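Geometric and topological summary
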Amino acid sequence: KAGVPQQTHAVDSLCPFCGVGCQVTYHVKEDRIVRVEGRDGPANDSRLCVKGRYGFDYVHHPERLTQPLVRREDAPKQAHRDWTAQSAMAQFRPATWDEVLEKIGQQFKGILAKHGNQSLAGFGSAKCSNEEAYLFQKLVRTGFGNHHVDHCTRLCHASSVAALLEGLGSGAVSNPVKDAMKAEVIVVIGANPTVNHPVGATWMKNAVADGAKLIVMDPRQSDLTRIATHHIQFKPDTDVALLNAMLNVIVSENLVDHAFVARRTEGYDAFIKNLTPFTPEAMAPVCGIDADTIRQIARMYATSKASIIFWGMGVSQHIHGTDNARCLIALALLTGQIGRPGTGLHPLRGQNNVQGASDAGLIPMMFPDYQKVSDAKAKAFFEEYWNCELSDKPGLTVVEIMKAIEDKQIRGMYIMGENPAMSDPDAEHARESLASLDFLLVQDIFMTETAALADIVLPASAFAEKTGSFTNTDRTVQMARAALPLPGDARQDLWIIQQVAKAIGLNWKAQTVAEVFDEMRMCMPEIRGITWERLEREDAVTYPCTFEGDTGHPVVFTETFPTPSGKGKLVPASLVHADELPDEDYPIVLMTGRQLEHWHTGSMTRRSAVLDALEPVPVVQMHPEDLNKLGVKAGDVVEMASRRGAIQAYARQDAAVQPGTVFMAFCYAEGAINKLTNPALDPFGKIPELKFCAVRISASKAE
Ligand code: SF4
């Protein structure tokens, strides 16, 4: 009423962005979020970064999808056009839920009947809840009849997980981020936590202020290098040379924890034999770090009372990503720096629920809880649990699915909340593949670059509109609560998945989110002890939590590893260079990643007023020497091209990158850097080499 102050109400939930998993309180007035406050969660102690504090208004953006959309007959799909959300909307007409669900059923069932059960695939999302991820993979496995289901984990830590499963029997972190506060030595390699896990980085900064030593190993400088004891600015793609040289020092100087190695590891003899040629002297010219420095950091790491390693996609997004992670695992195993507070291995998870989505089975080779689809016992269990027949053949991964579309094996796709037209390497090729599908169903909150290639687009729920559980990088399962009603005719993702399942003929009973969680936990031993009621009450429980009453375990591997022998495996790594090295035509190395103000493909943060005002245009970070060489000034528009495509961006002078290398974030549709990146894959994790490809840069003629 006029003159009467409107009341706000508070809803306790989570931040929707990164894997740190900060707990927040949304303050809501008249169905709009007006303020976000940090809560006293286990990962954040009330701290928030700029995204968590100011990046919420995308939920109210006028471009939210509010009704189902069907492609107009006179609007053919155009892969090579850069759509804006508004121009893409003109290709569609509004429809009712009844109409679209009938069409979806006809299309998917028609493709299955004509092309068989290898012809459909699905991408779920690491931004959706555990319950949504679980139902989505169940739909693909039981409804499409194959395991062609994946999500963006394939683009971030697939190689880390491959190495961790092989070496330690578990793909999750050993210790929480906050254990940095208990470490004497912190190693951060191939990660930029102040940008990508900002609240996590605050624990590292606090630890350094309290006397911990910080070793940052990265081809680029970052904010953390300012407080680091050592910044090891090695040449891009030479991780194995550097890490094996450190391991060589640990062995040759007898810094090995022999008691730990004897009791808890296997493969030692073959492992140390492989290290022989990797002396610091031999590797110094390869990685660009002098032998004495390699020795110093190896000693620091090995001899401290507690050393912890954090890593990011600078380690994983290479064709040798699995080898890089094998070396990190070996560092911890050889020195016994694992299984205690303040030690261990922590691959920093990117998206808010990439850990939970993977746990829930949103990956092509594993059922929920990492039970292999090729394992007869696991297959028999899920056949009985889901009352269906299942294949024992692992499915295709993200990039493999794009290739299978080109080969006309995959004919139809269901994509929920992912934007491969922006996030996949060689994005023009990915867009061509998506546009060539007989039928593409996209479920999202905005008209993304992927939705612009769809036949049907379904309006979904934004984070602040849904209740569900999410698992952060620390393995902590946390409760998010709906704070807002859905706009227009948008629907809950969980409801939509159930309706699509019904449309393709699956006989599922309608389930609430709590019922889905209950179904999940009964087939996932690691979270069996977490009941929905407990989550509602406690807000956060860290798995493994195997029985009701189990307090949960932030630190794991204290006595054994979950491998068949109970021992950790030392796996030798060889030096393999990047798939595409610079040459005369393409002399510069391009590395891609994220920036503080934007999130992944930008579909949310570029519609957040504060964040977009801070970083409104695509920029490429270039060393001053390279700008001079090209005769380009900071702020000029440059053209950047690889063998796969070209884009334009503004040049930003930044001495944080090495001469001959450039860095660009992949959030800008108008400068979609993944048009340039290389789809070559790591053979184990099937992760593309997003951290290294050859490009050339010139002053833009268009300016
Ligand atoms: Fe959100 Fe991550 Fe920032 Fe925390 S650190 S507020 S989870 S983006």
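Check the entry above for the structure.
Quick caveat, the model's predicted, so the values are computed rather than measured. (Residues numbered from 1 in each chain as written. Predicted model: local features only at pLDDT ≥ 70, side-chain atom pairs only at ≥ 80, totals over all residues. Heavy atoms only, no water.)

**Brief notes about the overall build of the chain**
Within the chain, the regular secondary structure consists of 25 helices and 30 strands. Dimensions of the chain, computed from C-alpha atoms along their principal axes, come out at roughly 70 × 65 × 65 Å. For the chain, with 703 residues in total, the buried portion stands at 65%. Contacts in the chain between residues at least 24 apart in sequence constitute 74% of all its contacts with a sequence separation of at least 6. Only carbon and sulfur atoms are counted for the fraction: they give 51% of the accessible area of the chain, which is about 24,600 Å². (Helix = DSSP H or I, 4+ residues; strand = E, 2+ residues; numbered from the N terminus. Buried < 20%, exposed > 50% of the residue type's maximum accessible area, 1.4 Å probe, protein only. Contact = heavy atoms within 4.5 Å. Areas by Shrake-Rupley, 256 points an atom, 1.4 Å probe, with all protein chains shown as cover.)

**Section: the pairing of strand S18 (residues 456–459)**
Neither face of S18 is open: one carries Ile 456 and Leu 458, the other Val 457 and Pro 459, and all of them are buried. As defined by bridge partners, strand S4 (residues 69–71) adjoins S18 across two bridges and the pair is classed as antiparallel. Bridge pairing in S18 links Val 70 to Ile 456. Where strand S17 (residues 439–444) meets S18, four bridges bridge the pair, whose relative direction is parallel. Bridge pairing in S18 links Val 442 to Val 457. (Pairing = 2+ DSSP bridges.)

**Things to note about a nonpolar patch on the surface**
Together, Tyr 54, Val 610 and Leu 614 make up a nonpolar patch on the protein surface, roughly 270 Å² of accessible area in all. For Leu 614, the location among the structural elements is in helix H24 (residues 609–614). Taking the relative accessible area as the measure of exposure, Leu 614 reaches 47% and is therefore partly exposed. (Patch = residues over 30% accessible without salt bridge, like charges linked within 9 Å, V, L, I, M, F, W, Y side chains within 5 Å. Salt bridge = Lys/Arg side-chain N within 4 Å of Asp/Glu carboxyl O.)

**Describing the site of the ligand**
The environment of the ligand is made up of Cys 15, Phe 17, Cys 18, Gly 21, Cys 22, Leu 48, Cys 49, Lys 51, Gly 52, Pro 198 and Val 199. Of the residues in the shell around the ligand, the class split is eight nonpolar, two polar and one charged. (Near = heavy atom within 4 Å. Nonpolar A, V, L, I, M, F, W, Y, C, P; charged D, E, K, R; others polar.)

**Structural notes on empty space enclosed by the protein**
Per the stated rule, a full pass over the model turns up eight cavities of 30 Å³ or more. Each pocket or cavity is described by its volume, and for the second largest cavity that value is around 90 Å³. As for the second largest cavity, its lining consists of 13 residues, of which Cys 15, Cys 18, Val 20, Cys 22 and Cys 49 are closest to the centre. Within the residue set of the lining of the second largest cavity, elements represented by two or more residues are helix H1 (50–54) and helix H8 (198–209). Split by residue class, the lining of the second largest cavity holds nine nonpolar, three polar and one charged. (1 Å grid on protein atoms, 1.4 Å probe; cavity = no way out; pocket = protein on both sides within 12 Å on 5 of 7 lines; lining within 4 Å. Points joined across faces, edges and corners; volume = space filled by probe spheres on them.)

**Remarks on the nonpolar core**
Core analysis: the largest hydrophobic core is formed by 107 residues, its most contacted members being Phe 108, Leu 139, Ile 186, Tyr 414 and Val 500. Ranked by the residues each element gives to this core, the list is headed by helix H4 (residues 130–144), at seven residues. (Core = buried A, V, L, I, M, F, W, Y, C linked by side-chain atoms within 4.5 Å.)

**As for the pairing of strand S27 (residues 661–665)**
With five of five residues buried, S27 lies mostly within the body of the structure. On S27, burial covers both faces: Thr 661, Phe 663 and Ala 665 on one face and Val 662 and Met 664 on the other are all buried. Relative to S27, strand S23 (residues 588–593) runs parallel, the two being bridged by five bridges. For Met 591, the partnering residue across the bridge sits in S27 and is Phe 663. Across three bridges, strand S24 (residues 619–622) lies against S27 in antiparallel orientation. Counterpart to Gln 621 in the pairing with S27 is Phe 663.

**Some remarks on the layout of surface pockets**
The computed volume of the largest pocket comes to approximately 870 Å³. Leu 165, Glu 166, Met 366, Tyr 370 and Lys 372 are the residues nearest the centre of the largest pocket, which is lined by 36 residues in total. Looking at the lining of the largest pocket, the elements that each hand over two or more residues are helix H5 (153–156), helix H6 (158–168), helix H15 (321–335), helix H16 (354–359), strand S15 (371–372) and helix H17 (376–386). Ranked by the residues each element gives to the lining of the largest pocket, the list is headed by H6, at five residues. When its residues are assigned to classes, the lining of the largest pocket shows 14 nonpolar, eleven polar and eleven charged.

**Looking at the pattern of salt bridges**
Applying the stated criterion across every chain yields a total of 44 salt bridges. The salt bridge partner of Arg 607 is Glu 63, with a shortest N-O separation of 2.8 Å. Placement of the pair is Arg 607 in the loop between S23 and H24 and Glu 63 in the loop between H1 and S4, with a sequence separation of 544 residues. On the accessibility criterion, Arg 607 (14% relative accessible area) is buried. Of the charged contacts in the structure, one is a salt bridge between Arg 521 and Asp 518, with a shortest N-O distance of 2.8 Å. Linking Arg 521 with Asp 518, this pair stays in helix H22 (residues 513–521), spanning three residues, or about one helical turn. According to the relative accessible area criterion, Asp 518 is partly exposed, its value standing at 35%. Through salt bridges that share partners, Glu 253, Glu 281, Asp 292, Arg 295 and Arg 299 make up one connected network.

**Remarks on the sheet that holds strand S25 (residues 637–641)**
Read around the barrel, six strands follow the order S23-S27-S24-S26-S25-S30 and close on themselves; strand pairing throughout is mixed. Strand-to-strand, the axes of this sheet are offset by a mean angle of 45°, without reference to chain direction. (Axes fitted to C-alpha atoms, helices over the stretch in contact; angles between N-to-C directions.)

**Remarks on the packing of H6 against H15**
Packing of H6 against H15 leaves a shortest axis separation of 8 Å and a crossing angle of 45°. It follows that H6 is oblique to H15 by the angle criterion. In this structure, H6 crosses over H15, and the sense of that crossing is right-handed. Within the contact between the two elements, H6 uses Ser 159, Ser 160, Ala 162, Ala 163, Leu 164, Glu 166 and Leu 168 and H15 uses Gly 321, Thr 322, Ala 325, Arg 326, Ile 329 and Leu 333. Split into classes, the residues belonging to the contact of H6 with H15 amount to seven nonpolar, four polar and two charged. (Parallel < 35°, antiparallel > 145°, perpendicular 65-115°, else oblique. Left-handed = near helix turned anticlockwise from the far one by under 90°.)

**Observations concerning the state of the cysteines**
The tally for this structure, following the rule as stated, stands at zero disulfides. In this model Cys 667 remains outside any disulfide bridge; the closest cysteine sulfur is found in Cys 49, 15 Å from its own. (Disulfide = S-S within 2.5 Å.)

**Topic: the packing of aromatic side chains**
Throughout the structure, instances matching the rule amount to 15 aromatic pairs. Here Phe 136 and Tyr 414 contribute two aromatic rings whose centre-to-centre distance is 4.8 Å and whose plane-to-plane angle is 50°, an arrangement assigned as tilted. With Phe 136 in helix H4 and Tyr 414 in strand S16 (residues 412–416), the pair connects residues that are 278 residues apart, well separated along the chain. Residues Phe 136 and Tyr 414 agree in their burial class; the two are buried. Consider the rings of Phe 367 and Trp 386, whose centres lie 6.1 Å apart with planes at 75°: the pair is edge-to-face. Placement of Phe 367 in strand S14 (residues 366–367) and of Trp 386 in helix H17 is noted, with a sequence separation of 19 residues between them. One exposure class covers both Phe 367 and Trp 386, and it is buried. Joined through ring pairs, the aromatic side chains of Tyr 134, Phe 367, Phe 381, Phe 382, Tyr 385 and Trp 386 make up one cluster. Residue placement shows Arg 264 over the ring face of Phe 561; its charged tip is 4.5 Å from the ring centre. Above the plane of the ring of Trp 495 lies Arg 491, whose end atom (NZ or CZ) is 5.1 Å from the centre. (Phe/Tyr/Trp six-rings, centres within 6.5 Å; stacked < 30°, edge-to-face > 60°. Lys NZ or Arg CZ within 6 Å of the ring centre and 35° of its normal.)

**A short note on the packing of helix H18 (residues 398–406) against helix H20 (residues 427–435)**
Helix packing geometry: the angle between the two helix axes and the distance between the axes. Between H18 and H20, the least distance of the axes is 9 Å, while the angle of their chain directions is 55°. By the angle between their directions, the pair H18 and H20 is classed as oblique. In the packing of H18 onto H20, the handedness of the crossing is left-handed. On the side of H18, the interface is formed by Met 402, Ile 405 and Glu 406, while H20 contributes His 429, Ala 430, Ser 433 and Leu 434. In terms of residue class, the contact of H18 with H20 is made up of four nonpolar, two polar and one charged.

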